[in-house]
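# Examination of the molecular architecture
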Amino acid sequence: MWERWVRRGLLTLSVVLAAFLGFLLITRSNPGASSRSVTPVGKEAADARIQDFTFTQTKGDLVQWKVQAEQARLYEKESRAVLSNVHITLYGVQGKELTLSGDEGTLDTQSKNFQLSNKTTPIVVEMQSGYTIQTNHLAWTDARHEIQTPDHVTIQGHGLQVTGRGLLGKMDTEEFQVLDDVRVDVVPAS
């Protein structure tokens, strides 16, 4: 008799636990499609979400660069901000200014390095020297003031068009190196 009560109790407990697990699975699942981002977001939730985010890097009294984003998700343990609809302004020597825009990006708040990417159209970098760089992904290394990408890149200006894969560029001197599959074409100057 008592075995029957134990079996019924265990069966009831199993049904309750199964219903609870089903409830958790339904309420915690995200039915939306995920998209590829610059840096994968950790499984934990962001520590903070900020609308109209601005981060400025200065050296003494001079602003070196400024990152603005429509939205930022901050992960304090990782010293990382995941950004959407990003605008970056780089200030060079003698007040040279360079503005970049991208769909998404990440900022390492400790090292001050950042990455920027576009999903469909290239990022356009217009240099003071008259050259234009186009690529879908750029990474900034703050300590060396360099931009780089492993992706396809096009540099155009002064009657030349250079295409290839990979780029390493020093922003202070505006010296750029296309790393692989380099092709140089003479095009009409515009």
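Scroll up a little and you will see the structure.
All values derive from a computational prediction rather than experimental measurement. (Residues numbered from 1 in each chain as written. Predicted model: local features only at pLDDT ≥ 70, side-chain atom pairs only at ≥ 80, totals over all residues. Heavy atoms only, no water.)

On to the packing of aromatic side chains, then. Inspection of the entire model under this criterion finds four aromatic pairs. Ring geometry for Phe55 and Trp65: centres 6.0 Å apart, planes at 20 degrees, overall stacked. Here Trp65 lies in strand β2 (residues 62-75) and Phe55 lies in strand β1 (residues 48-59), a separation of ten residues in the sequence. Pair check on accessibility: Phe55 and Trp65 agree, each one buried. Summarising the aromatic geometry, the rings of Phe114 and Trp140 are spaced 5.9 Å apart at their centres and angled 15 degrees between planes, so their arrangement reads as stacked. Of this pair, Phe114 sits in strand β5 (residues 114-117) while Trp140 sits in strand β8 (residues 137-141), and the two are 26 residues apart along the sequence. Accessibility assignment for this pair places Phe114 and Trp140 in one class, buried. Here the aromatic cluster, defined as three or more aromatic residues joined through ring pairs, consists of Phe53, Phe55, Trp65, Phe114 and Trp140. Taking NZ or CZ as reference, Arg80 lies 4.7 Å from the ring centre of Tyr75, over its face. (Phe/Tyr/Trp six-rings, centres within 6.5 Å; stacked < 30°, edge-to-face > 60°. Helix = DSSP H or I, 4+ residues; strand = E, 2+ residues; numbered from the N terminus. Buried < 20%, exposed > 50% of the residue type's maximum accessible area, 1.4 Å probe, protein only. Lys NZ or Arg CZ within 6 Å of the ring centre and 35° of its normal.)

Further remarks concern the pattern of salt bridges. Under the criterion given, the structure shown has five salt bridges. Measuring nitrogen to oxygen at the nearest pair gives 2.4 Å for the salt bridge that ties Glu78 to Arg80. Among the ionic contacts, a cluster of salt bridges with common partners joins Arg144, Glu146 and Lys170. (Salt bridge = Lys/Arg side-chain N within 4 Å of Asp/Glu carboxyl O.)

Among the structural elements, Thr163 can be located in strand β10 (residues 160-170). Sequence-distant contacts of Thr163, that is, excluding residues within four places in its chain, are made with His152, Val153, Thr154, Val178, Asp181, Val182 and Arg183. (Contact = heavy atoms within 4.5 Å.)

A cluster of nonpolar side chains, namely Leu160, Val182, Val184 and Val186, defines an oily patch on the protein surface of about 360 Å² accessible area. Residue contributions to the nonpolar patch peak at three residues, all from strand β11 (residues 175-186). Assignment of secondary structure puts Leu160 in strand β10. (Patch = residues over 30% accessible without salt bridge, like charges linked within 9 Å, V, L, I, M, F, W, Y side chains within 5 Å. Areas by Shrake-Rupley, 256 points an atom, 1.4 Å probe, with all protein chains shown as cover.)

Here we come to the pairing of β8. In terms of burial, β8 is a largely internal element, five of the five residues being buried. Note that β5 and β8 share four bridges and pair antiparallel. Bridge pairing in β8 links Gln115 to Ala139. By the bridge criterion, three bridges tie β8 to strand β9 (residues 146-157) in an arrangement that is antiparallel. (Pairing = 2+ DSSP bridges.)

Turning to the pairing of β5, a few remarks are in order. With four bridges connecting them, strand β4 (residues 97-108) and β5 associate as antiparallel partners. Paired with Glu104 across the bridge in β5 is Ser117. Hairpin remark: β4 followed by β5, antiparallel, with five residues in the connecting loop; positive phi at Lys112, about 70 degrees.

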